[in-house]
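Structural description and commentary
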Amino acid sequence: VADDADDFELVAGFGAGAVALAERILVVRLDGLGDVPYRDAWDQKPPAIHYTYAAIYGLVSRPFLMLSSAVELTFRPIYNQAVVTGSPIEARKILRNWLWLIIGAGGIGFGCFTALAPTIVNVLVGEEYRSGARLIPWIAAGYVLLILSYVFEKVCYAYEATHLVLMTQSCGALASLGIAFV
């Protein structure tokens with residue numbers, strides 16, 4: 001049981017915190033806007049930039065969220081069953097497969113969105129929103145990290161350590177606010 005608790009502390013403590021912080025940095029900072037800090041660029045641009053960001057964000061986020069949901073609905077029940085029945089070796093095996101699937105599929109999604117960004121916006125987005133193509137890699141990277149953080153949150157839930165989810169989300173939110181105003 002001590003070995004199982006050590007694994008849990010490592011995954012929940014380090015993994016969830018690091019991933020949640022990193023995804024918020026990527027989603028909020030958006031360094032692809034050039035030399036102007038994110039909040040200043042947002043305030044100084046005409047309202048069209050808000051619509052451009054919303055169009056691109058909606059387009060990129062959906063595939064990652066659908067992937068995350070499908071994989072979670074597959075792995076979470078069997079992972080929780082392994083945790084509840086006290087099978088730490090089985091739980092670790094399931095978690096490892098879950099993580100590798102999210103990392104692999106998320107990486108492929110990121111690569112596809114990054115490589116095909118101009119084509120994607122030319123086919124799926126109106127002409128006035130096509131300048132947002134440069135945001136696609138940043139949003140995709142943020143979503144890869146976000147869906148990875150969801151796995152770590154489910155581990156916290158399985159071990160009934162919801163306080164770690166609250167702590168992780170709170171630290172990520174504070175970091176994103178701090179980065180937005182730097």
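1. Topic: the overall build of the protein
A count of helical and extended segments in the protein gives 6 helices and 0 strands. Taken from N to C terminus, the helices and strands of the protein fall in the order α-α-α-α-α-α. Here the protein holds 182 residues, and the buried ones make up 41% of them. Intrachain contacts of the protein at a sequence separation of at least 6 include 78% that bridge at least 24 residues. Of the roughly 9800 Å² of accessible surface on the protein, 66% is carried by carbon and sulfur atoms.

2. So, the pattern of salt bridges
Overall, the coordinates contain 2 salt bridges when judged by the stated rule. A salt bridge links Arg 76 to Glu 72, with the nearest nitrogen and oxygen atoms 2.9 Å apart. With Arg 76 and Glu 72 both in helix α3 (residues 48–84), this residue pair falls 4 residues apart, about one helical turn. Assessed through its relative accessible area of 27%, Arg 76 is described here as partly exposed. The class for Glu 72 is buried, based on a relative accessible area of 16%. Through salt bridges with shared partners, a single ionic network connects Glu 72, Arg 76 and Lys 154.

3. Comments concerning the packing of helix α4 (residues 88–124) against helix α5 (residues 136–158)
Two elements in contact, α4 and α5, have axes separated by 9 Å at closest approach and are oriented at 165°. Comparing the axis directions of α4 and α5 gives the class roughly antiparallel. For the pair α4 and α5, the sense of crossing is right-handed. In this structure, α4 contributes Leu 95, Trp 98, Leu 99, Ile 102, Ile 103, Gly 106, Phe 110, Phe 113, Thr 114, Ala 117 and Val 121 to the contact, and α5 contributes Ile 136, Pro 137, Ala 140, Ala 141, Val 144, Ile 147, Leu 148, Val 151, Phe 152, Lys 154 and Val 155. Residue composition of the contact of α4 with α5, grouped by class: 19 nonpolar, 2 polar and 1 charged.

4. Some words on α5
Taking 1.5 Å of rise per residue, the 23 residues of α5 would be expected to cover 33 Å, and the 33 Å separating its terminal C-alpha atoms lies within 8% of that figure. The element α5 is largely enclosed, with a buried count of 19 among its 23 residues. After α5 finishes, the residue Glu 160 shows a positive phi value of roughly 55°.

5. Details of the side chain of Ser 61
For Ser 61, the position within the fold is in helix α3. Within the structure, Ser 61 has its side chain in polar contact with the backbone oxygen of Gly 58 (distance 3.4 Å).

6. Quick word on unusual backbone geometry
For Glu 160, which is not a glycine, the phi torsion comes out positive at approximately 55°. Here Glu 160 is to be found in the loop between α5 and α6 (162–180).

7. Section: the environment of Tyr 143
By secondary structure assignment, the location of Tyr 143 is in helix α5. Along the backbone, Tyr 143 and Arg 62 are 81 residues apart, and their C-alpha atoms lie at a distance of 9.6 Å. Here Tyr 143 is in contact with Tyr 57, Ser 61, Phe 64 and Leu 65, once residues within four sequence places are set aside.

What counts, and at which threshold
Residues numbered from 1 in each chain as written. Predicted model: local features only at pLDDT ≥ 70, side-chain atom pairs only at ≥ 80, totals over all residues. Heavy atoms only, no water. Helix = DSSP H or I, 4+ residues; strand = E, 2+ residues; numbered from the N terminus. Buried < 20%, exposed > 50% of the residue type's maximum accessible area, 1.4 Å probe, protein only. Contact = heavy atoms within 4.5 Å. Areas by Shrake-Rupley, 256 points an atom, 1.4 Å probe, with all protein chains shown as cover. Salt bridge = Lys/Arg side-chain N within 4 Å of Asp/Glu carboxyl O. Axes fitted to C-alpha atoms, helices over the stretch in contact; angles between N-to-C directions. Parallel < 35°, antiparallel > 145°, perpendicular 65-115°, else oblique. Left-handed = near helix turned anticlockwise from the far one by under 90°. Nonpolar A, V, L, I, M, F, W, Y, C, P; charged D, E, K, R; others polar. Expected span 1.5 Å × (residues − 1). Polar contact = N/O pair within 3.5 Å; in protein donor to acceptor, adjacent residues only side chain to side chain.

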